[in-house]
Amino acid sequence: MAVILITGAKGQLGNELRVISKNFYGYDFIFTDVETLDLTSDIQTREYINETNPDWIINCAAYNLVDKAESEPDKAMLVNGTAVKNIVDVVRESECKFIHISSDYVYDGKNNVPYSEYSTPNPQSAYGRSKLAGEKYALQHHGSMVIRTSWLYSSFGTNFVKSILKNAGEKDTLKVVFDQTGTPTYAADLAGAIMSIVSGVIRNQFALSAGVFNYSNEGVCSWYDFATEIINEAGLQCKVNPVLTKEYRLAAQRPEYSVLDKSKIKEIYNLTIPHWRTSLSKCINLLN
Ligand SMILES: NC(=O)c1ccc[n+]([C@@H]2O[C@H](COP(=O)([O-])OP(=O)(O)OC[C@H]3O[C@@H](n4cnc5c(N)ncnc54)[C@H](OP(=O)(O)O)[C@@H]3O)[C@@H](O)[C@H]2O)c1
């Protein structure tokens, strides 16, 4: 029976993997979070992985406080970089397969066409630099797949969708930036894509293709478009006013454009990715 270890399992993606795991019989899922497996401890990480001997590790653990990372870059690097090294140091010589999640923040955001995996990373923030460090550690193992994703949301945890729903329920108008363009990713879709890859490899449908892959939902929007759609979909009356990013004094620089080209993951793993509006509608239905 394949043993699949999921770290950072109390986060958005970890919770979505827990939900979808119920559809996969015959696999032994182990869900851990910082209380049971603190990945920043090399000793604990080594002991836990050696004891459970997983065939797969899916690392959903992360430090995601993008602005705070500017004032505590070492903490971001510890969770997003060193912790990944701790995993890889244990599995490097083994056949254990490793799926690590990264971010659109590794790109510089200055493109005006979608970023492919061959675009040169050039992170503009401490968070982005820590995520790029994590990728480099992950790729030191021959069986690692790094998935870069963007604008993640879910019915679990805190995220943009839930903040907009809360604020739109309390206020008449909201201001949301319209000069940052990207694509939302419903964590349930990403969890589905990951499990489709894992189960396909286990069933010998295809081999694991190591390396970097982009994944988000299909389509393109600004945060303003996204907020407007959230409010419409939820049937709320709040008005959204488009504003420029420069109106806010945020510590971390955001990518102005971080649309991801997903051709590689779709072709290699035969994936169909839903449009962001379709997936948003599903998530809002769950929340309502
Ligand atoms: N959220 C986004 O918009 C976004 C965008 C692009 C990429 N990503 C990436 O997508 C992945 C999944 O993100 P997510 O939104 O699901 O993250 P999340 O909700 O923030 O969950 C991350 C989990 O990791 C745990 N964690 C923190 N430090 C840990 C440690 N030392 N050892 C073990 N677990 C630890 C956290 O616990 P605590 O809560 O107790 O700290 C949390 O439960 C991450 O790699 C993230 O960087 C996210």
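As a reminder, the structure under discussion sits directly above these lines.
Below is a summary of the structure that appears in this document.

Calculation criteria
- Residues numbered from 1 in each chain as written.
- Predicted model: local features only at pLDDT ≥ 70, side-chain atom pairs only at ≥ 80, totals over all residues.
- Heavy atoms only, no water.
- Near = heavy atom within 4 Å.
- Polar contact = N/O pair within 3.5 Å; in protein donor to acceptor, adjacent residues only side chain to side chain.
- Areas by Shrake-Rupley, 256 points an atom, 1.4 Å probe, with all protein chains shown as cover.
- Helix = DSSP H or I, 4+ residues; strand = E, 2+ residues; numbered from the N terminus.
- Axes fitted to C-alpha atoms, helices over the stretch in contact; angles between N-to-C directions.
- Parallel < 35°, antiparallel > 145°, perpendicular 65-115°, else oblique.
- Left-handed = near helix turned anticlockwise from the far one by under 90°.
- Contact = heavy atoms within 4.5 Å.
- Nonpolar A, V, L, I, M, F, W, Y, C, P; charged D, E, K, R; others polar.
- Expected span 1.5 Å × (residues − 1).
- Buried < 20%, exposed > 50% of the residue type's maximum accessible area, 1.4 Å probe, protein only.
- Salt bridge = Lys/Arg side-chain N within 4 Å of Asp/Glu carboxyl O.

This next bit is on the site of the ligand. If you check the shell around the ligand, you find 24 residues, and the closest are Leu-13, Asp-33, Asp-38, Asn-64 and Lys-131. A distance of 2.9 Å separates an oxygen atom of the ligand from a polar atom in the side chain of Gln-12. In this structure, an oxygen atom belonging to the ligand sits 3.1 Å away from a main-chain N or O atom of Ile-101. Its free accessible area being 910 Å², the ligand has 78% of it covered by the protein chains. Sorting the residues of the shell around the ligand by element identifies α1 (12-21), β4 (97-103) and α5 (126-138) as the ones contributing at least two each. It is β4 that provides the largest number of residues to the shell around the ligand, a total of 3 residues.

This paragraph deals with the packing of helix α2 (residues 42-52) against helix α4 (residues 73-91). A packed helix pair is summarised by two numbers, namely the angle formed by the two axes and the spacing between the axes. Where α2 contacts α4, the axes come no closer than 9 Å and their chain directions differ by 45°. Overall, the two elements α2 and α4 adopt an arrangement that is oblique. Crossing of α2 over α4 shows right-handed handedness. When α2 is examined against α4, the residues Asp-42, Thr-45, Arg-46, Ile-49 and Asn-50 are found in contact with a partner set consisting of Asn-86, Ile-87, Asp-89, Val-90 and Val-91. A class-by-class count of the residues in the contact of α2 with α4 yields 4 nonpolar, 3 polar and 3 charged.

For the rest of this paragraph, the subject is the side chain of Asp-108. With respect to the helices, strands and loops of the structure, Asp-108 is situated in the loop between β4 and α5. There is a polar contact of 3.0 Å between the side chain of Asp-108 and the backbone nitrogen of Lys-110. One polar contact links Asp-108 to Asn-122, side chain to side chain, over a distance of 3.3 Å. Leave out the neighbours within four places in its chain, and Asp-108 touches Tyr-115, Asn-122, Gln-124 and Pro-255.

Not every positive phi belongs to a glycine, and Trp-151 is a case in point at roughly 50°. Positionally, Trp-151 belongs in the loop between β5 (144-149) and β6 (152-153). One non-glycine residue, Asn-204, lies in positive phi territory at about 60°. Position of Asn-204 relative to the elements: it lies in the loop between α7 (187-202) and β10 (211-214).

Now for helix α10 (residues 276-287). The terminal C-alpha atoms of α10 lie 16 Å apart, and with 12 residues this matches the ideal 16 Å at 1.5 Å per residue to within 8%. Restricting attention to buried positions, one finds in α10 the residues Trp-276, Ser-279, Leu-280, Ser-281, Cys-283 and Ile-284. Looking at the buried positions of α10, the neighbouring elements they touch are β6, α6 (160-170), β9 (185-186), α7, β11 (221-222) and α8 (223-234).

Attention now goes to the pattern of salt bridges. Side-chain pairs of opposite charge can arise where the charged atoms are in close proximity. Under the definition given, this model contains 10 salt bridges. Between Lys-10 and Glu-35 there is a salt bridge, with its nearest N and O atoms 3.1 Å apart. Of this pair, Lys-10 sits in the loop between β1 (2-7) and α1 while Glu-35 sits in the loop between β2 (27-31) and α2, and the two are 25 residues apart along the sequence. Among the residues examined, Lys-10 registers a relative accessible area of 54% and is labelled exposed. Across the pair Arg-254 and Asp-67 runs a salt bridge, and its minimum N-O distance is 2.6 Å. Within this pair, whereas Arg-254 is found in the loop between β12 (239-243) and α9 (263-269), its partner Asp-67 is found in the loop between β3 (56-59) and α3 (68-71), the two being separated by 187 residues in sequence. The structure contains a network of salt bridges with shared partners spanning Lys-85, Asp-89 and Arg-92.

This part is about the side chain of Asn-159. By the secondary structure assignment, Asn-159 is in the loop between β6 and α6. Using a relative accessible area of 9% as the deciding quantity, one classes Asn-159 as buried. Within the structure, Asn-159 has its side chain in polar contact with the backbone oxygen of Phe-156 (distance 3.5 Å). Of note is the side chain of Asn-159, whose polar atom sits 3.2 Å from the backbone nitrogen of Val-161. Excluding its chain neighbours within four sequence positions, the residues that come into contact with Asn-159 are Gln-12, Leu-152, Tyr-153 and Ser-154.

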